[in-house]
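Analysis of the macromolecular model
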Amino acid sequence: MSLSDILEANEALLLFLVISIGVLLGRFKIREKSLGVPVVLFVGLAFGHLNPNFEISEIILVLGLSIFIYSVGLNSGQIFFQSYKRNGMRDIVFSFAMIGLTALAAVLAWYLLGFDAATISGIFAGISTNTPAFASVLDYIQNNNGGSEASSNLVVAYTLAYPIGIIGSIFGILIMDRIFKVDYNAEYKSLRKEFPLDNNLTSEGVIITNEAVTSIPTLDLLKKRDWNIKFGRVKKGDELILANWSTTFSIGDKVMVLGSKEDINEAVNWLGEKMEDKLSYDRSSYDVRRIFLSNPKLAGRTIASLNIPEKFNGTISRIRRGDNDMLAHGNTILELGDRIRVLAKRDELQKIADYFGDSYQESSRVNWFSFGFGLAIGLLLGTLSIPLWGDLTVKIGYAGGPLIVGLILGSLKRTGPVLWTLPYSTSVVLQQLGVMFLLAYIGVNNGALFFESLNVSSLTILGVSILLSVLSAAVLLAIGYKLVKIPFSLLMGMVSNQPSVIEFVNEKVNSKLPQMGFALILPIAIIVKIIVTQILYFVLS
């Protein structure tokens, strides 16, 4: 029995072999950039071409897509609804306009060049790098006798347009960056209080010498200044205490200040003089400890609601979530897996650790009841047909349904004793697993059709994809920055259609503002693109 026969008879072996080879090849860098997980799609196409009998069950597609999308919704729910409260309909209307303009350009290409509906739908989904949108149309074609030719044209167009969508977005961003010459440092400074951007937190000691800051509670002091800082230890004579919102300073007090280097320098210059020795080196009374939040009863709650100063005579100074360090404020909502930096009396630290759980193993556990129940509601919602006009209806499918439910539950965090959100590390794993299942299924099951359908017209598809992706990115950046007045750093994330583009622009601006813009637009963009791609196919076919 040959290896091909073994793979044909063993679907699980085929699935994970395609994934492993794709991930391995995706790590190779070209000019310091790697394509990453999307290479799984191209490896799957190669396997499907080598043996047309290779096939992966549709349940892998459903699982991969729904798990990936639901996890994204849970992660993005809070920031999505906060954006709506802060900016009203601005971001939502802009995302609709962004997708609508690209769709109109695709229709124009269809009219001028005579593409069929499946091809132009594949191009639109490809330059958007929106696999859920592509999968929704492919599912419709396969389940409604759309024919093998339509499936083939859709797959060819999507696969050719996908990498062009990544490259085109980068070129569009570079063009507009050169034209506008944006001051990214100024944008960072103006937005740092709205988003958790201070990854390089540090601390300094200051001796209070400014009479104007004495006898004023720290809460009122911070309201007067646009600083994202936090006060820690305070030494008044021989007494060492922890600062709280009602603490007042006196001349000669020694105070520890935590925050970004820029904010700390401004605070020190205003408060008094920089200390040579930090109070943090004196741990005879107070000490610090990093503690894992693994107690599910505390996840989804604000720091203020825990009353740590009253319960333990301690304070939470900062939180590390994933790769992000952020200052801990009263309205900060805790999540499972957070690494909390606690400052407290030495004999209180173990009590605080027991209170938060401090178990890495427990912090990574998933509440499978809440995850499964929420995902089931999303899949049920995805089965409903949405009437548009006449006989035309669309389904948001097993991508849109889980996303909507995930956004709602992610914003709620918890309902009574039920915690809806996932530990950060678990969410990352589920998203990676979901998208790899999805790409492997699409590649293997459509590999034979893809290579059979390659012809001279493929060059036209490539040309149209380049034109649409570069122009749409450039035009949308210009409209968003000049007309809608969205900061350019956020805009670059909004028009970025793939994580590799986000990595590129993050490095360019030296902050994670583009990543925040990506998170703001991703949920609504996925849903709208799923619907618009289906409408394109229905109307043009």
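Above this text sits the structure in question.
All values derive from a computational prediction rather than experimental measurement.

Basis of the calculations
- Residues numbered from 1 in each chain as written.
- Predicted model: local features only at pLDDT ≥ 70, side-chain atom pairs only at ≥ 80, totals over all residues.
- Heavy atoms only, no water.
- Pairing = 2+ DSSP bridges.
- Helix = DSSP H or I, 4+ residues; strand = E, 2+ residues; numbered from the N terminus.
- Axes fitted to C-alpha atoms, helices over the stretch in contact; angles between N-to-C directions.
- Contact = heavy atoms within 4.5 Å.
- Buried < 20%, exposed > 50% of the residue type's maximum accessible area, 1.4 Å probe, protein only.
- Parallel < 35°, antiparallel > 145°, perpendicular 65-115°, else oblique.
- Left-handed = near helix turned anticlockwise from the far one by under 90°.
- Nonpolar A, V, L, I, M, F, W, Y, C, P; charged D, E, K, R; others polar.

Things to note about the sheet that holds strand S11 (residues 339–345)
Read from one edge to the other, the open sheet built from 4 strands follows the order S8-S11-S9-S10, with strand pairing classed as antiparallel. A strand with exactly one partner marks an edge of an open sheet, and here the two such strands are strand S8 (286–292) and strand S10 (324–327). The sheet shows a mean angle of 25 degrees between the axes of neighbouring strands, direction not considered. Across 6 bridges, strand S9 (residues 314–321) lies against S11 in antiparallel orientation. The residue bridging Arg-320 from the neighbouring strand is Arg-339, located in S11. Relative to the sheet, helix H13 (residues 349–356) contacts S8, S9 and S11, its axis offset from that of S8 by approximately 15 degrees.

Observations concerning the pairing of S9
Remark: a regular strand shows side chains that alternate across the two faces of the sheet. Burial within S9 is extensive, with 7 of its 8 residues counted as buried. By the bridge criterion, 4 bridges tie S9 to S10 in an arrangement that is antiparallel. Across the sheet, residue Arg-321 finds its bridge partner in S10, namely Asn-324. Counting the residues in the hairpin turn of S9 and S10 gives 2 residues, including Gly-322, whose phi is positive at 65 degrees.

Here's the deal with the packing of helix H6 (residues 117–127) against helix H18 (residues 457–483)
One can describe the packing of H6 onto H18 by two numbers: an axis separation of 10 Å at closest approach and a directional angle of 45 degrees. Our classification of the angle between H6 and H18 gives oblique. Viewed along their axes, H6 and H18 form a crossing whose handedness is right-handed. Residue-level contacts link Thr-119, Ile-123 and Ile-127 of H6 to Ile-461, Val-464, Ser-465, Leu-468 and Ser-469 of H18. Looking at the contact of H6 with H18, its residues break down into 5 nonpolar, 3 polar and no charged.

Some points on the sheet that holds strand S5 (residues 239–242)
Read across the sheet, 5 strands follow the order S5-S4-S6-S3-S7 without closing on themselves; strand pairing throughout is antiparallel. The open sheet has two edge strands, S5 and strand S7 (272–274), and neither has a second partner. Across the sheet, the mean angle separating the axes of adjacent strands is 30 degrees when strand polarity is ignored. Here strand S4 (residues 229–236) runs beside strand S6 (residues 254–260); their pairing, made up of 5 bridges, is antiparallel. Considered in S6, the bridge of Phe-231 is made with Val-257.

Details of the environment of Met-516
Positionally, Met-516 belongs in helix H21 (residues 513–540). Separated by 437 residues in the primary sequence, Met-516 and Ile-79 have C-alpha atoms spaced 8.6 Å apart.

What about the environment of Phe-42?
The residue Phe-42 is located in helix H3 (residues 39–50) in this model. In the structure, Phe-42 is positioned 61 residues away from Ala-103 in sequence and 26 Å away in space, judged by C-alpha atoms. If sequence neighbours within four positions are ignored, Phe-42 has contacts with Thr-159 and Pro-163.

Geometry only, nothing functional implied.
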